[in-house]
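What the coordinates show
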Amino acid sequence: MTPRTRSIRLLAAVAVGAGSLALAACGTGVTSGAAPTTSTDAVTIENCGRTVEIPSTPTAVVGLHPSQTELLLRLGLADRLVGQAQATAQELPDDVAGLAADVPVIGGDTPPSREELLAVQPDFVYSPTTYEFTAEQGFASIEQLTQAGVAAYTATGGCFDRRMEGTVDDLFTDLKNLGTIFHVEGEADDLIASSRAELAAVDAAIDGRDRPRVAQVFVEGTTLTAIGAGIEYDILHRAGADNVFTPDDPAFSDFFAAEITPESLAAEAPDALVFAVSDPAHESAVRAYLSATFPDMPAVRDGRLIAVPATDMFPGTLGNVSAVRQIAEGLYPDATFETPTS
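The paragraphs below set out a description of the structure included in this document. Predicted model, so just to flag it, every value in this text is computed and none were measured.

Reading the values: rules and limits
Residues numbered from 1 in each chain as written. Predicted model: local features only at pLDDT ≥ 70, side-chain atom pairs only at ≥ 80, totals over all residues. Heavy atoms only, no water. Helix = DSSP H or I, 4+ residues; strand = E, 2+ residues; numbered from the N terminus. Expected span 1.5 Å × (residues − 1). Buried < 20%, exposed > 50% of the residue type's maximum accessible area, 1.4 Å probe, protein only. Core = buried A, V, L, I, M, F, W, Y, C linked by side-chain atoms within 4.5 Å. Contact = heavy atoms within 4.5 Å. Disulfide = S-S within 2.5 Å. Pairing = 2+ DSSP bridges. Axes fitted to C-alpha atoms, helices over the stretch in contact; angles between N-to-C directions. Salt bridge = Lys/Arg side-chain N within 4 Å of Asp/Glu carboxyl O. Parallel < 35°, antiparallel > 145°, perpendicular 65-115°, else oblique. Left-handed = near helix turned anticlockwise from the far one by under 90°. Nonpolar A, V, L, I, M, F, W, Y, C, P; charged D, E, K, R; others polar.

Before going further, it helps to spend a moment on helix H12 (residues 319-331). Spanning 13 residues, H12 covers 18 Å between terminal C-alpha atoms, matching the ideal 18 Å at 1.5 Å per step. Within the sequence span of H12, burial applies to Gly319, Asn320, Val321, Ala323, Val324, Arg325, Ile327, Ala328 and Leu331.

Even without being glycine, Gln121 reaches a positive phi, approximately 55°. If you trace the backbone, Gln121 turns up in the loop between helix H4 (114-119) and strand E6 (124-127). Notably, His183 is not glycine yet its phi reads approximately 55°, a positive angle. For His183, the position within the fold is in the loop between helix H6 (170-182) and helix H7 (185-206). Judged by its relative accessible area of 28%, His183 falls in the partly exposed class.

Core analysis: the biggest nonpolar cluster contains 58 residues, and Leu75, Phe124, Phe182 and Ile327 have the highest contact counts within it. A total of 7 residues in this core trace back to one element, the largest contributor, which is H7. Excluding residues within four positions of it along the chain, Leu75 makes contact with Leu175, Leu178, Val184, Glu187, Ala188 and Leu191. Grouped together as the second largest cluster of nonpolar side chains are 23 residues, Val244, Ile260, Val277 and Val300 included.

Take the state of the cysteines next. What the rule picks out here adds up to 1 disulfide. The disulfide partner of Cys48 is Cys159, and the gap between their sulfur atoms is 1.9 Å. For the disulfide bridge between Cys48 and Cys159, the dihedral angle about the S-S bond is near -80°, and by the sign convention the bridge is left-handed. Of this pair, Cys48 sits in the loop between strand E1 (43-47) and strand E2 (50-54) while Cys159 is found in the loop between strand E7 (151-154) and H6, placing the two residues 111 residues apart along the sequence. Each member of the pair, Cys48 as well as Cys159, carries the same accessibility label: buried.

Bringing the sheet that holds E7 into the picture now. To summarise the sheet geometry, strands pair through backbone hydrogen bonds and adopt either a parallel or an antiparallel arrangement. Pairing is parallel in the open sheet, where 5 strands are placed in the order E5-E4-E3-E6-E7. Since the sheet does not close on itself, it has two edges, and those belong to strand E5 (105-106) and E7, each with one partner. As judged from the 4 bridges shared by E6 and E7, these two strands associate in the parallel manner. Across the sheet, the residue bridging to Tyr126 is Tyr153, located in E7. Packed on one face of the sheet, helix H2 (residues 66-74) meets strand E3 (61-63), strand E4 (81-85) and E6 and runs near 150° to E4.

So, on to the pattern of salt bridges. What the rule picks out here adds up to 14 salt bridges. With its nearest N and O atoms 2.9 Å apart, the salt bridge here joins Arg74 to Asp95. One end of the pair, Arg74, is in helix H2; the other, Asp95, is in helix H3 (residues 94-97), and 21 residues separate them in sequence. By relative accessible area, which is 54% here, Asp95 ends up exposed.

This brings us to the packing of helix H8 (residues 230-238) against H12. Relative orientation of the contacting elements H8 and H12 amounts to 45°, with a least axis distance of 8 Å. Taken together, H8 and H12 sit at an angle that is classed as oblique. Relative to H12, H8 is oriented so that their crossing is right-handed. On the side of H8, the interface is formed by Ile231, Ile235, Leu236 and Arg238, while H12 contributes Asn320, Ala323, Val324 and Ile327. The class makeup of the residues in the contact of H8 with H12 is 6 nonpolar, 1 polar and 1 charged.

This next bit is on the environment of Asp123. Take Asp123: it is sitting in the loop between H4 and E6. Spatially, the C-alpha atom of Asp123 lies 9.7 Å from that of Ser56, the residues being 67 residues apart in sequence. Once residues within four sequence positions are removed from consideration, Asp123 is found in contact with Pro58, Thr59, Ala60, Val61, Gly149, Val150 and Ala151.

Rendered as structure tokens:
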């Protein structure tokens, strides 16, 4: 992935926050999944303000990002997958990678083109954001998919109007919806329970402790961007951070990220810095930049530079829960984090 592709994908694409990307948005508002309709298999779900009608249990499914593919695999749906997209952007965890070994890969480190997606003849696609449905980028729009008889589901936190205020708990809405759609309610409930237990373990470990001031940034070359809203903000909050940048700041009133100057970040003197990275080389470059640019910052001086996989910050992924724990462990290295029992 080139630096430019990486930067665009992680900031513009994931955000789906302004301009022409709004044309691909699937509606406004977010509601929880509805109960199945009168048919045994037919389901109606409210997703991103639009009604998604699924006449029968999907049997030809595409995860439009590895995070979504992983979630489908953990729900026991490997035999329904006919495609996995953006597979070169992130490796699947070792314990489920083998389940997808024979699933066709469509696209590279970007969403598949309309032609690539429709060629595998899906009846259901699951996406982290509405960006994956941007017709202007050559991807299949929701309208085009609907015309082809394909049901499109977007992670709740990646809905256009939800992107600025998404939370980790949005994942549980998605799991409930997917459990209903595929009639795997038990498997979905198990994932919800284990994720909630993981979050509870973090809550217990940091309970009563003073919260460090933490800034979340994204660095590409020498361009510095602050993150102050959306699910990224909630992940830091759940990890025990006192966020330096918040949705109340005017800079984040319309978009969850804003370019800042090094001087403005230095003036905040955060105790820790959290930053998303796409690969080891990117992480190494970011650490070098932060160390050279802010040698006197408490976060740098005390070695509290916390890198998290960028894909764990995507909406609708189990990585959201993993990121909460990883950041909390970095912020509270002397805390005891119990491993939840299944």
